[in-house]
Amino acid sequence: MADELAIYDMDLTITRRATLMPFLWHAAVRLAPWRLLMLPAALPALIGYQMRLIDRGRLKEILQRIMLGPHCNRAELRQVAASFAEETLTYNVYPGALSQIASDRAAGRRLVMATASYRLYAEAIAQQLGFDDIIATNSLTGPDDRVIARIDGENCYGPAKLRMIERWMDEQDIPRHSVRIRFYSDHASDAPVLAWADEAFAVNAHDRLRKLARSRSWTIVDWDD
């Protein structure tokens, strides 16, 4: 077990753009192109989310159901996720993120991705980036190992992300006092984890996080070109 953990958020921290809709589009084109005609059906869910009638987790479930159907073959999804990961690494990763990941790896830190994105595709991205572990939003599995458009457990976002990291550490038998932890994120929703970490990095931060970082003396970095 490494004496230090380097935990990274993914969307807009490592990647330049969010990955959920690009993945769903990538998968729909390859598995069920006709479902792209159903995209207008997502509008009520998007409005409901903006009006705070539904949360992020429910929005993700609805978008997945519209674009991929109520359930998908896991083997097919795994192939699609692999090709999406290759595309992501080619076109949608900050160069500074790659440099920092390499630096943390060279320093002997255990690399952990902690992301609200679905494990069903984020895991492939994490593997191609050389991460040791991933903590992500899980999907329910139905009969015949089919992936259901429902979240299994919590959406790995906000305070839930910290709970899921701590649960993972318990499962890995990593006492909090035994490791030094650094955490990288672009968004203020990750404030609970940033405050909990020994070293907090506000990466590619939006205004709200920049203000919070300055008030908490967190390191502010930019991983763009």
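For the structure itself, look to the data block above.
Residues numbered from 1 in each chain as written. Predicted model: local features only at pLDDT ≥ 70, side-chain atom pairs only at ≥ 80, totals over all residues. Heavy atoms only, no water.

### Focus on a negative patch on the surface
Residues Glu166, Asp170, Glu171 and Asp173 make up a contiguous surface patch of negative charge. Here aspartate 170 is to be found in helix α7 (residues 159-171). (Patch = residues over 30% accessible without salt bridge, like charges linked within 9 Å, V, L, I, M, F, W, Y side chains within 5 Å. Areas by Shrake-Rupley, 256 points an atom, 1.4 Å probe, with all protein chains shown as cover. Salt bridge = Lys/Arg side-chain N within 4 Å of Asp/Glu carboxyl O. Lys, Arg positive; Asp, Glu negative; His and termini not counted. Charge placed at Lys NZ, Arg CZ, Asp CG, Glu CD. Helix = DSSP H or I, 4+ residues; strand = E, 2+ residues; numbered from the N terminus.)

### So, helix α4 (residues 74-91)
Under the 1.5 Å per step criterion, the end-to-end length of α4 is 25 Å for 18 residues, consistent within 8% with the ideal 26 Å. All of the buried residues along α4 are Leu77, Val80, Ala81, Phe84, Ala85 and Thr88. Down the axis of α4, the buried set is contained in an arc of 150°. They therefore lie on one face. Seen from the open side of α4, the exposed residues pointing more than 90 degrees away from its buried face are Arg78, Gln79 and Thr90. As for α4, its buried residues are in contact with α1 (20-31), α3 (56-68), β2 (71-73), α6 (119-129) and β5 (146-152). At the N-terminal end of α4, a side-chain oxygen is found 2.9 Å from the backbone nitrogen of alanine 75, two or three residues along, and the residue is asparagine 73. (Expected span 1.5 Å × (residues − 1). Buried < 20%, exposed > 50% of the residue type's maximum accessible area, 1.4 Å probe, protein only. Arc of directions from axis to C-beta. Contact = heavy atoms within 4.5 Å. Polar contact = N/O pair within 3.5 Å; in protein donor to acceptor, adjacent residues only side chain to side chain.)

### Here's the deal with the sheet that holds strand β4 (residues 133-141)
Ordered in space as β2-β5-β4-β3-β1-β6-β7-β8, the 8 strands form an open sheet in which the pairing is mixed. Edge strands, defined here as strands with exactly one partner in the open sheet, are β2 and β8 (219-221). Averaged over all pairs of adjacent strands, the angle between their axes in this sheet comes to 35°, without regard to strand direction. As defined by bridge partners, strand β7 (residues 199-203) adjoins β8 across 3 bridges and the pair is classed as parallel. The residue of β8 that forms the bridge with phenylalanine 201 is threonine 219. The sheet contacts of α3 involve β2, β3 (110-118), β4 and β5, and relative to β5 the element is tilted by about 160°. Sitting on the sheet, α6 touches β3, β4 and β5, and the angle it makes with β3 is about 150°. (Pairing = 2+ DSSP bridges. Axes fitted to C-alpha atoms, helices over the stretch in contact; angles between N-to-C directions.)

### Some thoughts on the pairing of β5
Side chains Val147, Ala149 and Ile151 project from β5 onto a buried face, and the interleaved Arg146, Ile148, Arg150 and Asp152 project onto a face without burial. Note: β2 against β5, 3 bridges, orientation antiparallel. Directly across from asparagine 73, in β5, lies its bridge partner arginine 146. Inspection of the sheet shows β4 paired to β5 by 3 bridges, in the antiparallel sense. Residue asparagine 138 lies in a different strand from β5, and its bridge partner there is aspartate 152.

### Details of the pattern of salt bridges
Where charged atoms of side chains with opposite charge meet at close range, the side chains can pair. Summed over all chains, the structure comprises 16 salt bridges. With a closest N to O distance of 3.2 Å, aspartate 198 and arginine 176 form a salt bridge. One end of the pair, aspartate 198, is in the loop between α8 (191-196) and β7; the other, arginine 176, is in the loop between α7 and β6 (180-185), and 22 residues separate them in sequence. Overall, arginine 176 belongs to the partly exposed group, its relative accessible area being 26%. Salt bridges sharing partners connect three or more residues here, namely Glu4, Asp104, Arg109, Arg180, Arg182 and Glu199.

Everything listed here is a matter of coordinates, which is why it stays silent on function.
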